[in-house]
There are 2 protein chains.
Amino acid sequence: MGKQATEMLKGVLEGIVLAMLSLRPAYGYEITAGLRDQGFRDIAEGTIYALLLRIEQRQLVDVEKAPSEKGPPRKVYTLNAQGQEYLDEFWRTWSFLTERLEELRDGGK
Amino acid sequence: MGKQATEMLKGVLEGIVLAMLSLRPAYGYEITAGLRDQGFRDIAEGTIYALLLRIEQRQLVDVEKAPSEKGPPRKVYTLNAQGQEYLDEFWRTWSFLTERLEELRDGGK
DNA sequence: CCTCGGTACTCGGTGTTACTATGTACTAGT
DNA sequence: ACTAGTACATAGTAACACCGAGTACCGAGG
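Since the structure is predicted, the reported quantities are computational estimates derived from the model, not experimental observations. (Residues numbered from 1 in each chain as written. Chains lettered and ligands numbered in written order. Predicted model: local features only at pLDDT ≥ 70, side-chain atom pairs only at ≥ 80, totals over all residues. Heavy atoms only, no water.)

A.B. asks: Mind showing me how you'd approach the interface of chain A and chain B here?
C.D. replies: Quite often, the size of an interface is put as the accessible area lost when its parts meet. If you look at the interface, chain A gives 33 residues, while chain B gives 33 residues. For chain A, the biggest contributors to the area lost against chain B are Gln4(A), Met8(A) and Leu104(A); these three give 20% of the whole. Run the count over chain A and chain B and you get zero salt bridges. Here chain A is connected to chain B by six residue pairs in polar contact (both at pLDDT 80 or more). At the level of secondary structure, the elements contributing two or more residues to the side of chain A that touches chain B comprise helix 1 (4-9), helix 2 (12-23) and helix 5 (81-107) of chain A. Broken down by element, the residue count for the side of chain A that touches chain B peaks at 15 residues, all from helix 5 of chain A. Classifying every residue of the side of chain A that touches chain B gives 18 nonpolar, 10 polar and five charged. (Contact = heavy atoms within 4.5 Å. Buried area = accessible area lost by both parts, 1.4 Å probe. Salt bridge = Lys/Arg side-chain N within 4 Å of Asp/Glu carboxyl O. Polar contact = N/O pair within 3.5 Å; in protein donor to acceptor, adjacent residues only side chain to side chain. Helix = DSSP H or I, 4+ residues; strand = E, 2+ residues; numbered from the N terminus. Nonpolar A, V, L, I, M, F, W, Y, C, P; charged D, E, K, R; others polar.)

A.B. asks: Looking at this structure, I do not really get the sheet that holds strand 1 (residues 26-27) of chain A. What am I missing?
C.D. replies: Whenever strands of a sheet pair, they do so through backbone hydrogen bonds, lying parallel or antiparallel. Residues and elements named next belong to chain A. One open sheet holds the three strands; their spatial order is 1-3-2, and the pairing between them is antiparallel. The outermost strands of the open sheet, each flanked by one partner alone, are strand 1 and strand 2 (61-66). Note that strand 2 and strand 3 (residues 74-79) share six bridges and pair antiparallel. Pairing of Ala66 across the sheet is with Arg74, part of strand 3. (Pairing = 2+ DSSP bridges.)

A.B. asks: What exactly am I supposed to notice about helix 3 (residues 28-37) of chain A here?
C.D. replies: All names here are of chain A. Listed as buried for helix 3 are Gly28, Ile31, Thr32, Gly34 and Leu35. Buried residues of helix 3, viewed axially, fall in a sector of 160 degrees; they line one side. Opposite the buried face of helix 3, by more than 90 degrees, sit the exposed residues Tyr29 and Asp37. Looking at the packing, one finds that the buried side of helix 3 touches helix 2, strand 1, helix 4 (45-57) and strand 3. One or two positions beyond helix 3, positive phi appears at Gly39, with a value near 110 degrees. (Buried < 20%, exposed > 50% of the residue type's maximum accessible area, 1.4 Å probe, protein only. Arc of directions from axis to C-beta.)

A.B. asks: Just to check I follow, could you spell out the protein's contact with DNA strand D for this structure?
C.D. replies: With respect to spatial proximity, 30 residues lie near DNA strand D, and among them Tyr29(A), Arg74(A), Lys75(A), Arg54(B) and Arg58(B) are the closest. Among atoms of DNA strand D positioned within 4 Å of the protein, sugar and phosphate together represent 76%. Within the side chain of Arg58(B), one N or O atom sits 2.8 Å away from a phosphate oxygen of DNA strand D. Elements with a minimum of two residues in the surface near DNA strand D: helix 3, helix 4 and strand 3 of chain A together with helix 1 (4-9), helix 2 (12-23) and helix 4 (45-57) of chain B. Of the residues that constitute the surface near DNA strand D, the class distribution is 10 nonpolar, eight polar and 12 charged. (Near = heavy atom within 4 Å.)

A.B. asks: Even after reading the chapter, I still don't get the protein's contact with DNA strand C, so can you show me in this structure?
C.D. replies: Lining the immediate surroundings of DNA strand C are 30 residues, of which Arg54(A), Arg58(A), Tyr49(B), Arg74(B) and Lys75(B) lie closest. A share of 72% is what sugar and phosphate atoms reach among the atoms of DNA strand C within 4 Å of the protein. Leu9(A) is positioned such that a nitrogen or oxygen atom in its backbone is 3.5 Å from a phosphate oxygen of DNA strand C. In the model, a sugar or linking oxygen of DNA strand C is placed 3.5 Å from a nitrogen or oxygen of the Glu69(A) main chain. For the surface near DNA strand C, the leading source of residues is helix 4 of chain B, giving four residues. Among the residues forming the surface near DNA strand C, the class breakdown is 10 nonpolar, nine polar and 11 charged.

As structure tokens, then:
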């Protein structure tokens, strides 16, 4: 992914993480690893932790500490009702954007 | 569109405008009006003009002054080769994102 | 005449976000 | 003791969309 990706990820990355959490609860390190697996190779760890702190402060997720066998305790995030609502809104905006861009791409030839 | 849209537009708006310019040359006011027609009701004029100045300075577009019958002269923007390349890169990143999000959305049910 | 609305572009300041780089801390294996 | 892997946090930076205001040019109605 090029440098444009940095700007394009703004707002979207949050939606991606919330969508991941809507599938099942997860902790930061796990989410970072999952993103890397999915091709987001150059997303820095710090970015994810900062994002998680943000959505925690906005109370879109519930947090629970869980011990780890191989390191410091994990912070497990669970999407709550407010977060689900926010995610729905994200999908609406995302759909709107994809529709517009689809049109533009098709109109291009 | 909700408040999330502001962040989600970052980077994407630039791609949208470049895509519009790839269809045919246009000037700022025209682009703003076009966006409003396409449903982007709350995009501020100032945002578009600032964006146009940016892509001009990065030499993604060629600029030409053209007189208007009903106001100050227009600045007509034309996508150049460098801009087309940048737009291609945008589409690649966009496709990547849509694919990932498609998976996440489907996995959700 | 001159104000008003539509056309057309510019600019300074603000908030949010992802990135970089660094630091802390716990565990297991060598 | 050292290293690597796990797990989280934070201070500083750059980029971008937004807001508000301003400039300027034109035609029509009061």
